[in-house]
Amino acid sequence: MNVRVFILKYRETITWSVVLILLFFMNTESTFSLCPFKALGISWCPGCGIGHSMHHTLHFRFGTAWQEHKLGIPATAVLIWQTIQSLPITNKNNNYEPGTSITGHPGY
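Scope of this entry: the structure provided in the associated data block. Note that this is a predicted model, so its numbers are computed, not measured.

Rules and cut-offs
Residues numbered from 1 in each chain as written. Predicted model: local features only at pLDDT ≥ 70, side-chain atom pairs only at ≥ 80, totals over all residues. Heavy atoms only, no water. Axes fitted to C-alpha atoms, helices over the stretch in contact; angles between N-to-C directions. Helix = DSSP H or I, 4+ residues; strand = E, 2+ residues; numbered from the N terminus. Parallel < 35°, antiparallel > 145°, perpendicular 65-115°, else oblique. Contact = heavy atoms within 4.5 Å. Nonpolar A, V, L, I, M, F, W, Y, C, P; charged D, E, K, R; others polar. Expected span 1.5 Å × (residues − 1). Buried < 20%, exposed > 50% of the residue type's maximum accessible area, 1.4 Å probe, protein only. Arc of directions from axis to C-beta. Core = buried A, V, L, I, M, F, W, Y, C linked by side-chain atoms within 4.5 Å. Phe/Tyr/Trp six-rings, centres within 6.5 Å; stacked < 30°, edge-to-face > 60°. Patch = residues over 30% accessible without salt bridge, like charges linked within 9 Å, V, L, I, M, F, W, Y side chains within 5 Å. Areas by Shrake-Rupley, 256 points an atom, 1.4 Å probe, with all protein chains shown as cover. Salt bridge = Lys/Arg side-chain N within 4 Å of Asp/Glu carboxyl O. Polar contact = N/O pair within 3.5 Å; in protein donor to acceptor, adjacent residues only side chain to side chain.

### Considerations on the packing of helix 2 (residues 11-25) against helix 4 (residues 50-58)
Logical step 1: The geometry of helix 2 relative to helix 4 is characterised by a closest axis approach of 8 Å and an angle of 90 degrees between their N-to-C directions. Relative to helix 4, the element helix 2 lies roughly perpendicular. Contacts between helix 2 and helix 4 involve Leu20, Leu23 and Phe24 on the former and, on the latter, Gly51, Met54, His55 and Leu58.
Logical step 2: Looking at the contact of helix 2 with helix 4, its residues break down into five nonpolar, two polar and no charged.

### Observations regarding helix 2
Logical step 1: With 15 residues, helix 2 should cover 21 Å at 1.5 Å per step; its first-to-last C-alpha distance of 21 Å lies within 8% of that length.
Logical step 2: Inspection of helix 2 places Thr13, Leu20 and Leu23 among the buried residues, and these make up the whole buried set. Buried residues in helix 2, looked at end-on, bunch into an arc of 105 degrees, giving them a common side. Relative to its buried face, helix 2 has exposed residues pointing more than 90 degrees away, namely Leu22 and Phe25.
Logical step 3: Lining the buried residues of helix 2 we find helix 4 and helix 6 (72-86).

### Focus: the nonpolar core
Logical step 1: Within the largest apolar cluster, five residues are counted, these being Leu20, Leu23, Met54, Leu58 and Leu79.
Logical step 2: Put simply, the parts of the chain that give this core at least two residues each are helix 2 and helix 4.
Logical step 3: In this structure, leucine 58 is in contact with Leu20, Leu23, Phe24, Thr76 and Ile80, ignoring residues within four places of it in sequence.

### Digging into the packing of aromatic side chains
Logical step 1: For the structure on display, the rule yields three aromatic pairs.
Logical step 2: Look at phenylalanine 6 and tyrosine 10: their rings are 4.9 Å apart centre to centre, the planes differ by 55 degrees, and that puts the pair in the tilted class.
Logical step 3: The partly exposed category is assigned to phenylalanine 6, whose relative accessible area is 40%.
Logical step 4: On the numbers, 6.1 Å between centres and 70 degrees between planes, the contact of phenylalanine 60 with phenylalanine 62 is edge-to-face.
Logical step 5: For phenylalanine 60, a relative accessible area of 66% corresponds to the exposed category.

### Considering a nonpolar patch on the surface
Logical step 1: On the surface, Val3, Phe6, Ile7, Ile14, Val18 and Leu22 cluster together into a nonpolar patch covering about 540 Å² of accessible area.
Logical step 2: The set of elements that each furnish at least two residues to the nonpolar patch consists of helix 1 (3-9) and helix 2.
Logical step 3: Owing to a relative accessible area of 57%, leucine 22 belongs among the exposed residues under this scheme.

### Overview of the environment of leucine 20
Logical step 1: Structurally, leucine 20 is set in helix 2.
Logical step 2: Residue classification places leucine 20 among the buried positions, given a relative accessible area of 13%.
Logical step 3: Spatially, the C-alpha atom of leucine 20 lies 8.9 Å from that of threonine 83, the residues being 63 residues apart in sequence.
Logical step 4: Setting aside residues no more than four positions away along its own chain, leucine 20 makes contact with Leu58, Leu79, Ile80 and Thr83.

### As for the environment of glutamine 82
Logical step 1: Residue position: glutamine 82 is located in helix 6.
Logical step 2: On the accessibility criterion, glutamine 82 (28% relative accessible area) is partly exposed.
Logical step 3: Sequence separation between glutamine 82 and tryptophan 16 is 66 residues; the distance between their C-alpha atoms is 7.3 Å.
Logical step 4: Discounting residues that sit within four places of it in the chain, glutamine 82 has contacts with Glu12 and Trp16.
Logical step 5: One polar contact links glutamine 82 to glutamate 12, side chain to side chain, over a distance of 2.5 Å.

Any link to function would need more than the numbers given here.
This is how it looks when you write it as structure tokens:
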């Protein structure tokens, strides 16, 4: 199996795994933010702190995670669940092959 076929076949698992790894190793002390509201100079954002909260959840610091953002713990649980569900060993109904769409017709 070449690299392109591997990536196409396991792209969801790869995506969720990379997101969790990046959240685990993110620097919470930095002032850098990917928030488009902060980039525009808007100080309030409904999602601000969720990345830090997810980072703290992955490090089992639930009190700090809760203080950063209330939805960080459930969001982390959803990401972990989605990663597990996308693994080939747990997803027995994954009949998608590279080059076919969800409907089974040749496509993207």
